[in-house]
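# Observations on the three-dimensional arrangement
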Amino acid sequence: MSAVLTSTLKQKLLDTFASGVKLDEPMARHTTWRVGGPAELLFQPTNETELSSFLRALPSELPLHWVGFGSNLLVRDGGVEGVVISTRTLERTLERKAPHGVYAGASLPCATLGRSLVRWEMGPSEFFAGIPGSLGGALTMNAGAHGTETWDAVHDVRLMHRDGSIETRDATQFDVGYRRVSGQGNAWFVGAHLQFDPAYEPSLDRLRELQARRHATQPIGQPSCGSVFANPEGDHSARLIEASGLKGFRIGGAEVSPKHANFIINTGDATAADIESLIDHVAQTVEHKHGVALRHEVRFLGEVAA
């Protein structure tokens, strides 16, 4: 990893933002795969005001990367140059709004959001409990579970721009599709107003059923990113991967989960290179055997180790 921050700027940021700033911070501590080289500088804001002030202190040309809970993210072993902002430490805001809606902050875990919405009898919302990570990440990729997607419920979003300014924008201003969202530009989601169907009656029993199914069919408790590949139209990636004989296949410390073929797990000593190689191998094997080009949901960040 090459350094792009000057020592003067690093010291200024350390002096101004104190414990929120960490230098050469291992990203393995900030990803659900538990791999990844160091971030040249990591910032963990506690509120939007602090985050805005930090952004205003950065030169506009400096490489800047946003990370939520670190699910759906593979940080390469060579590390990340520039600044990484982890929004995990932001206030976990959740407020009821009339009629039949809520405002939720980006750092709120989707599982917490789902449980709260079911208690408040707002839905369809049970699916949120099946999404790993935070609402910010779910907004970024239109995450979904059990046939429902995040942006089905979005009324409008709050964005923080690179210059620290905040904008509220209607959901209709974004191009949203299956596991993709575009239109936010050089900005990050810091919250969203979600609106739900007043005629829908969410069920706590249904929520528990979905959670039990998830625990029975997915490698919960093992380091992974959730689903690696988006489902191709009319089929499921897990079925194609399993039909290719890849369940349990390993490269180094990375393994295709024997429990769910669309999960790749870190068995304990995997490197990011192991995981990336396994992702490539799975995609190539499925295309060779079934003629289907799988599209990965995973975002890659950083440099390959020298």
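Criteria and thresholds
Each chain has its residues counted from 1, running along the sequence as written. Where totals are concerned, whole chains, interfaces and linings use all residues; where local detail is concerned, this predicted model gives features only for residues with pLDDT of at least 70, and gives and counts side-chain atom pairs only at 80 or more. Only hydrogens and water are removed before side-chain values are computed, so all heavy atoms of the structure are retained for them. Note on conventions: DSSP H or I runs of at least 4 residues are helices, E runs of at least 2 residues are strands, and numbering of each starts at the N terminus. It is over C-alpha atoms that the radius of gyration is taken, and the globule rule equals 2.2 Å times the number of residues to the power 0.38. Only protein chains enter the calculation, and the probe is 1.4 Å; a residue is then buried if its accessible area is under 20% of its type maximum, exposed if over 50%, and partly exposed in between. Working rule for contacts: check all heavy atoms of both residues, and any pair within 4.5 Å makes them a contact. For the area figures, the Shrake-Rupley method with a 1.4 Å probe applies, and any residue is considered shielded solely by the protein chains shown. Think of it this way: Lys and Arg go in the positive column, Asp and Glu in the negative one, and His and the chain ends go nowhere. In this description, the location of a charge corresponds to atom NZ of lysine, CZ of arginine, CG of aspartate or CD of glutamate. Pairing between strands is defined by DSSP: at least two bridges between the two strands are required. Interaxial angles span 0 to 180 degrees and are taken between N-to-C directions of axes, which are lines fitted to C-alpha atoms, for helices over the stretch in contact. Points on a 1 Å grid, built from protein atoms alone, make a cavity when a 1.4 Å probe fits but cannot get out and make a pocket when they are open with protein on both sides within 12 Å along at least 5 of 7 lines; residues with an atom within 4 Å of a point are the lining residues. Grid points are joined across faces, edges and corners, and a volume is the space filled by probe spheres set on the points. All amino acids are sorted into three groups, where Ala, Val, Leu, Ile, Met, Phe, Trp, Tyr, Cys and Pro are nonpolar, Asp, Glu, Lys and Arg are charged, and the leftover types, Gly among them, are polar. Here, nonpolar core refers to any group of buried Ala, Val, Leu, Ile, Met, Phe, Trp, Tyr and Cys residues whose side-chain atoms link them within 4.5 Å. Here, a salt bridge means any Lys or Arg side-chain nitrogen found within 4 Å of an Asp or Glu carboxyl oxygen.

### Observations regarding the overall build of the protein
Each helix and strand counted, the protein has seven helices and 18 strands in total. Taking 306 residues into account, the globule formula puts the C-alpha radius of gyration at 19 Å, and the protein, at 20 Å, falls close to it. Projected onto its principal axes, the C-alpha positions of the protein cover 55 × 55 × 30 Å. For the protein, buried positions account for 53% of its 306 residues. Sequence-distant contacts in the protein: of pairs separated by 6 or more residues, those separated by 24 or more amount to 63%. In the form shown here, the protein has an accessible surface area of approximately 13,500 Å², with 47% of it arising from carbon and sulfur atoms. Separation between the mean location of the 29 positive side-chain charges and that of the 35 negative ones in the protein comes to 4 Å.

### Some words on the sheet that holds strand β10 (residues 154–161)
The strand order across the open sheet formed by five strands is β6-β7-β14-β10-β11, and the pairing between neighbours is antiparallel. Each having just a single partner strand, β6 (94–97) and β11 (166–170) make up the two edges of the open sheet. Looking at each pair of strands side by side, their axes are set apart by 20° on average, direction ignored. Sheet topology places β10 next to β11; five bridges connect them, and they run antiparallel. Bridging from a neighbouring strand, Asp 156 pairs with Asp 170 of β11. Running over the sheet, helix α2 (residues 48–56) touches β7 (101–105), β10, β11 and β14 (187–195) and is turned about 45° from β10.

### Let's talk about the sheet that holds strand β15 (residues 250–251)
In spatial order, the strands read β15-β16-β17; together these three strands make up an open sheet with antiparallel pairing. Taken across any chain shown, the strands that pair with only one partner, and hence form the sheet edges, are β15 and β17 (264–266). On the sheet, helix α7 (residues 272–290) packs against β15, β16 (254–256) and β17 and is oriented at approximately 30° with respect to β16.

### Let's talk about the layout of surface pockets
Each pocket or cavity is described by its volume, and for the second largest pocket that value is around 500 Å³. Within the residue set of the lining of the second largest pocket, elements represented by two or more residues are α3 (110–119) and α5 (204–217). The residue inventory of the lining of the second largest pocket, partitioned by class, reads 12 nonpolar, 11 polar and three charged.

### Quick word on the nonpolar core
Among the nonpolar cores identified, the biggest contains 29 residues, and Phe 128, Trp 151, Val 157 and Leu 194 are the most heavily contacted of them. Of all the elements in the fold, those that place two or more residues in this core are β7, α3, α4 (135–141), β10 and β14. If sequence neighbours within four positions are ignored, Leu 194 has contacts with His 100, Gly 101, Val 102, Leu 113, Phe 128, Ala 153, Val 154 and His 155.

### Observations concerning the pattern of salt bridges
Applying the stated criterion across every chain yields a total of 14 salt bridges. Here Lys 10 makes a salt bridge to Glu 40, at a shortest N to O gap of 3.9 Å. Within this pair, whereas Lys 10 is found in helix α1 (residues 7–17), its partner Glu 40 is found in strand β2 (residues 38–43), the two being separated by 30 residues in sequence. Among the residues examined, Lys 10 registers a relative accessible area of 19% and is labelled buried. With a relative accessible area of 1%, Glu 40 lands in the buried category.

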